[in-house]
Amino acid sequence: RAKETGKARAVVYSPSLAGPPQHDISLEAAMFQAVREGEFQLYYQPIVDAQTREIQGFETLMRWKHPTLGMVPPARFIPIAETNGLINLLGAWALKAACVQLKQFEEVAKRSLYISVNISPRQFRNDKFLDVLDDAIAFSGLLGEQLVLEITEGTLMIDPVHAESILSKMAERKARIAIDDFGTGYSSLAYLKRFPISVLKIDRTFIRDLPGSQKDGAICNAVLDLAKHLNLSVVAEGVETEEQLQYLEQRGCQYIQGYLTGKPMAANVALAALKESIHVKMVPAELRQVAQ
Ligand code: C2E
Ligand code: MG
Ligand code: MG
Ligand code: MG
């Protein structure tokens, strides 16, 4: 019974609502060790054009490979890092490393791409956040517009006045703001009017039961319609089947992210995928030449 309750509490934990979370002290100690030992890595998941399936960008997803525990999922370690403040250090590293990595991706792909990076509520509120952002942009040489910062509705709602000022400074740097897990947070739609937002990422829970679920279909259609009229782009998260992609594409969803079009992968695997895509694109051109 007690164990069950503890588990449920861990699952519904939200930094804005709960007190200090109950977490594993030994896992926390291991995290500091992991930072020193360099056990954290970045994976990259392709975000593709729903029509052409061409990779447009990547979302950066943090991974912790512990020598004995194995892969510790971000759902376990991010909340701890958020509580003890380690997220500021990890997040700054992830942002800079991802921007540098994108440069290499672009060299291989021979075209412009973008990188989408998750920003936690605590990072967003940190005094140094804009310095971290400027450093990542300057060090990597990316254009601000190649950077998408993913925040949740909760991050905006904690302190909307502060959020407004940070978001306008991000906009000055041309970085785009995406609302992650759109539709799952506690917020009103009014913030879409108030804040300079560019992208809505439809949460995986609304995609999972497509095309069968009428309710999820209605929600996705409403989001797509809303985005169209507010001039926002939409990324559907967690697309796993061809049917889901077709459904979304037919209703005007421009971008797709999910296991169907690419799982989160190590940088070298992403590089191989980009090389492969150049190859695939060249084939039709060669065929056309032969045909003439
Ligand atoms: P998120 O930002 O919503 O990331 C999307 C999650 O969905 C990722 O889980 C990804 O692996 C998973 N996913 C993508 N496509 C599919 C699919 O087709 N099917 C299924 N079942 N899952 C899919 P992941 O990597 O475990 O990350 C979980 C969450 O941890 C992220 O959710 C994000 O909130 C957080 N996170 C990950 N990396 C970072 C980071 O560097 N910084 C911060 N602040 N948070 C991060
Ligand atoms: Mg995200
Ligand atoms: Mg998401
Ligand atoms: Mg999500």
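The shown structure was predicted, so the numbers you read here are calculated from the model rather than taken from an experiment.

A. Local environment of the coordination of the magnesium ion (ligand 3). Distances from the magnesium ion (ligand 3) to its protein donors, Asp180 (OD), Asp181 (OD), Glu237 (OE) and Glu237 (OE), fall at 1.9 to 2.6 Å. In primary sequence terms, the donor set of the magnesium ion (ligand 3) follows D-D-x55-E. Separating the magnesium ion (ligand 3) from the magnesium ion (ligand 2) is a gap of 3.7 Å, which aspartate 180 spans by donating to each of them. In this pair, aspartate 180 sits in strand 6 (residues 176-182) while glutamate 237 sits in strand 8 (residues 233-237), placing the two residues 57 residues apart along the sequence.

B. Expanded view of the environment of glutamate 150. Tracing the sequence through the fold places glutamate 150 in strand 5 (residues 147-152). Overall, glutamate 150 belongs to the buried group, its relative accessible area being 1%. Non-local contacts of glutamate 150, meaning those with residues more than four positions away in its chain, are made with Glu59, Ser116, Val117, Asn118, Ile119, Ala178, Asp180 and Lys201.

C. Quick peek at unusual backbone geometry. With an omega dihedral of -5°, the bond running from leucine 210 to proline 211 counts as a cis peptide bond. Backbone geometry at lysine 110 places phi at a positive 60°, although glycine is not the residue there. The residue lysine 110 is located in the loop between helix 4 (86-109) and strand 4 (114-118) in this model. Backbone geometry places lysine 174, a non-glycine residue, at a positive phi of 70°. The class of lysine 174 is exposed, set by a relative accessible area of 54%.

D. The arrangement of empty space enclosed by the protein in detail. In this structure the tally under the stated criterion is 1 cavity of 30 Å³ or more. One number sums up the size of the largest cavity: a volume of about 40 Å³. Forming the boundary of the largest cavity are Ile47, Tyr114, Ser116, Val148, Glu150, Ala178, Val199, Lys201 and Val235. Counting only elements with at least two residues in the lining of the largest cavity, the list comes to strand 4, strand 5 and strand 7 (199-202). When its residues are assigned to classes, the lining of the largest cavity shows 6 nonpolar, 1 polar and 2 charged.

E. Structural context of the site of ligand 1. Within the structure, ligand 1 sits among 22 residues, and Arg63, Asn118, Asp180, Glu240 and Tyr259 are positioned closest to it. Between ligand 1 and the protein, one listed contact pairs an oxygen atom with a side-chain N or O atom of glutamate 59 at 3.0 Å. Starting from 800 Å² of accessible surface for ligand 1 in isolation, the protein chains cover 82%. If you list the elements that add at least two residues to the shell around ligand 1, you get strand 2 (55-66), helix 3 (74-84) and strand 6. Residues belonging to the shell around ligand 1 are distributed by class as follows: 8 nonpolar, 6 polar and 8 charged.

F. Region of interest: the pattern of salt bridges. Overall, the coordinates contain 6 salt bridges when judged by the stated rule. With a shortest N-O distance of 2.5 Å, arginine 53 and glutamate 242 are connected by a salt bridge. Of the two residues, arginine 53 sits in the loop between strand 1 (40-49) and strand 2 while glutamate 242 sits in helix 12 (residues 242-250), which places them 189 residues apart along the sequence. For glutamate 242, a relative accessible area of 33% puts it in the partly exposed group. Glutamate 164 is the partner of arginine 194 in a salt bridge, and the nearest nitrogen-oxygen pair spans 2.9 Å. One end of the pair, arginine 194, is in helix 9 (residues 190-194); the other, glutamate 164, is in helix 8 (residues 160-172), with 30 residues separating them in the sequence. On the basis of relative accessibility, which here comes to 31%, the residue glutamate 164 falls in the partly exposed class. In the salt-bridge network here, residues are joined through shared partners; they are Glu59, Glu150 and Lys201.

G. Layout of the confidence of the model for the protein. Predicted confidence across the protein gives a mean pLDDT of 90, with 88% of residues reaching 70 or more. A low-confidence stretch, residues 1-20 (pLDDT under 50), is modelled with 8 contacts involving residues beyond four sequence positions or located in other chains. With pTM at 0.90, the complex prediction returns an ipTM value of 0.98.

The rules behind the values
Residues numbered from 1 in each chain as written. Chains lettered and ligands numbered in written order. Predicted model: local features only at pLDDT ≥ 70, side-chain atom pairs only at ≥ 80, totals over all residues. Heavy atoms only, no water. Donors = N, O, S within 2.8 Å, 3.2 Å for Na, K, Ca; no water. Helix = DSSP H or I, 4+ residues; strand = E, 2+ residues; numbered from the N terminus. Buried < 20%, exposed > 50% of the residue type's maximum accessible area, 1.4 Å probe, protein only. Contact = heavy atoms within 4.5 Å. 1 Å grid on protein atoms, 1.4 Å probe; cavity = no way out; pocket = protein on both sides within 12 Å on 5 of 7 lines; lining within 4 Å. Points joined across faces, edges and corners; volume = space filled by probe spheres on them. Nonpolar A, V, L, I, M, F, W, Y, C, P; charged D, E, K, R; others polar. Near = heavy atom within 4 Å. Polar contact = N/O pair within 3.5 Å; in protein donor to acceptor, adjacent residues only side chain to side chain. Areas by Shrake-Rupley, 256 points an atom, 1.4 Å probe, with all protein chains shown as cover. Salt bridge = Lys/Arg side-chain N within 4 Å of Asp/Glu carboxyl O. pLDDT = per-residue confidence, 0-100.

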